[in-house]
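Residue strings, one per chain:
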Amino acid sequence: MKTDLTDTTSSKINAALMEARRASGSTAAGMVLTLVIVTDEGSAYDALRAANDASREHPSRTLAVIKRAGRSPRARAETRLDAEILVGSDAGSGETVVLRMHGELAAHAQSVVLPLLLPDAPVVVWWPENAPLHPAQDPLGALAQRRITDAVTAESPVGQLAQRAQSYTPGDTDLAWTRITGWRSMLAAALDQRPSTITSAVVEGESYNPSVELLGLWLHNRLHVPVERAVTSGPGITAVHLRTTDGDITLDRPDGLLGTLSMPGSPDRQVALKRRETAELIAEELRRLDPDDIYAVAVRTPVERLKERDSAEVAAAAASAAAAVDEAVAEETAAATAPEGGARKGAAKRAAKKAGA
């Protein structure tokens, strides 16, 4: 069920929500939290689709805040609130309100959102793009127990991690961290199966992907070993190598779909490590509303702790290894053919001697 309200107020939106709920045959809210999405028109569709999919696991009231401050002085002077209300199958397992704020109202979004929050329920704010420098100090972020950003959408993703470290407040998190949950689980399980002394580690992935840095920083903090960061063409994180006294533990995922776990003394095995959609990432973040202390430690660790190793160095190392293999093969071939060549020379000398006699 869809309802459009033009030049409306928060009280009229609440009344329309109650009416839509009664019309759909549900008088109780039955929702566990309020998810506030701060976005623009270009990203609103994808963000709302992800939120609707996540609401099947976490029934919620989703408030999409779209600010339209206006470019001209006349447009900025016009103050208007338009709302689009979705209830039922169009809103997943909850209800959705798209709030379009025009003019000066865009600078006071919290005054519109506050009356629409579910009573006695947690509040989560998500910025799919263009997150504020200090999410907890943002007027909308101050209303929430949990604040979700995404460093990968920034112009400088790695620089964004430094900003997240500087402004971190308990309750902050980033989808770049959520994307490495599978990697962290697999690596921890591998070390549980085969306890070994880790001497160093290498994390390989795309140059602009902040998840690679976060995974390397997590390994550095948990294992207390030097970690190298190698640049590859992706997609995403492609491999992690843990150097041990018994040999390398390697988790390799070259195609972004299926990973291969290799451990010394054990056969290689395939593991599920598919790159997840945004809806799955949001659903994971909504499962816990307490501060993520492990993320706090990782993001606060300076990225300079990782030793950079670019693709040229990786290619040079691979070429050097290949040259060493070729040289070894050539030496073995020469050694194998030497006796045969000497026998041929001896036979030729004996034949020449006989001919001279």
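All values derive from a computational prediction rather than experimental measurement.

Draft legend 1. Focus on the pattern of salt bridges. Following the criterion strictly, the structure yields 17 salt bridges and no others. A salt bridge links Glu 95 to Arg 61, with the shortest nitrogen-to-oxygen separation between them at 2.7 Å. Linking Glu 95 in strand β5 (residues 95–102) with Arg 61 in strand β3 (residues 60–68), this pair joins segments that are 34 residues apart in sequence. In this structure, Glu 228 and Lys 307 form a salt bridge, with 3.8 Å as the shortest nitrogen-oxygen distance. Of this pair, Glu 228 sits in strand β10 (residues 227–231) while Lys 307 sits in strand β15 (residues 307–309), and the two are 79 residues apart along the sequence. One continuous salt-bridge network, built from bridges that share partners, spans Lys 2, Glu 41, Arg 68, Glu 84 and Arg 100.

Draft legend 2. Focus on the confidence of the model for the protein. The pLDDT averaged across the protein works out to 84; a share of 82% of its residues lies at or above 70. The element-level mean pLDDT for the protein is lowest in helix α11 (residues 311–356), coming to 46, with strand β6 (residues 123–126) highest at 97. Counted against residues more than four places away or in other chains, residues 313–325, with its pLDDT under 50, gives three contacts. When the criterion is pLDDT under 50, residues 339–357 qualifies, and its contacts beyond four places in sequence or with other chains add up to zero contacts.

Draft legend 3. Examining helix α1 (residues 10–23) more closely. For α1, built from 14 residues, the straight-helix expectation of 20 Å at 1.5 Å per residue is met to within 8% by its first-to-last C-alpha distance of 20 Å. Restricting attention to buried positions, one finds in α1 the residues Ser 10, Ile 13, Ala 16, Leu 17, Ala 20 and Arg 21. In a view along the axis of α1, the buried residues occupy a sector of 135°, so they form one face of it. Turned more than 90 degrees off the buried face of α1, the exposed positions are Ser 11 and Ala 23.

Draft legend 4. Structural detail: the sheet that holds strand β4 (residues 80–87). Within the open sheet, the eight strands sit side by side as β1-β4-β5-β3-β2-β6-β7-β8. Their pairing is mixed. Two strands in the sheet have a free side with no partner beyond their single neighbour: β1 (2–5) and β8 (172–174). Going across the sheet, the axis of each strand differs from the next one's by a mean of 15°, ignoring polarity. As judged from the three bridges shared by strand β7 (residues 146–149) and β8, these two strands associate in the parallel manner. Among the inter-strand pairings, Ile 148 is bridged to a residue of β8, identified as Thr 173. Contacts from α1 reach β1, β3, β4 and β5 within the one sheet, and its direction differs from that of β4 by about 15°.

Draft legend 5. Quick look at the packing of aromatic side chains. One pass over the full model with this rule turns up two aromatic pairs. A centroid spacing of 5.7 Å and a plane angle of 55° characterise the contact between Trp 177 and Tyr 295, whose relative ring orientation is tilted. On the criterion of sequence distance, the pair formed by Trp 177 in helix α6 (residues 175–178) and Tyr 295 in helix α10 (residues 293–300) is long-range, its members being 118 residues apart. Trp 177 sits in the buried class, given a relative accessible area of 2%. An aromatic cluster is defined as three or more aromatic residues linked by ring pairs; in this entry it consists of Tyr 168, Trp 177 and Tyr 295. The residue whose ring lies beneath Arg 184 is Trp 218, and the NZ or CZ to ring-centre distance is 5.8 Å.

Draft legend 6. Quick peek at helix α5 (residues 157–166). Those residues of α5 not exposed but buried are Pro 157, Gln 160, Leu 161, Gln 163 and Arg 164. Along the long axis of α5, the arc covered by the buried residues comes to 165°, so they all point the same way. Next to the buried residues of α5 lie β7, β8, α8 (210–223) and α10.

Conventions we followed
- Residues numbered from 1 in each chain as written.
- Predicted model: local features only at pLDDT ≥ 70, side-chain atom pairs only at ≥ 80, totals over all residues.
- Heavy atoms only, no water.
- Salt bridge = Lys/Arg side-chain N within 4 Å of Asp/Glu carboxyl O.
- Helix = DSSP H or I, 4+ residues; strand = E, 2+ residues; numbered from the N terminus.
- pLDDT = per-residue confidence, 0-100.
- Contact = heavy atoms within 4.5 Å.
- Expected span 1.5 Å × (residues − 1).
- Buried < 20%, exposed > 50% of the residue type's maximum accessible area, 1.4 Å probe, protein only.
- Arc of directions from axis to C-beta.
- Pairing = 2+ DSSP bridges.
- Axes fitted to C-alpha atoms, helices over the stretch in contact; angles between N-to-C directions.
- Phe/Tyr/Trp six-rings, centres within 6.5 Å; stacked < 30°, edge-to-face > 60°.
- Lys NZ or Arg CZ within 6 Å of the ring centre and 35° of its normal.

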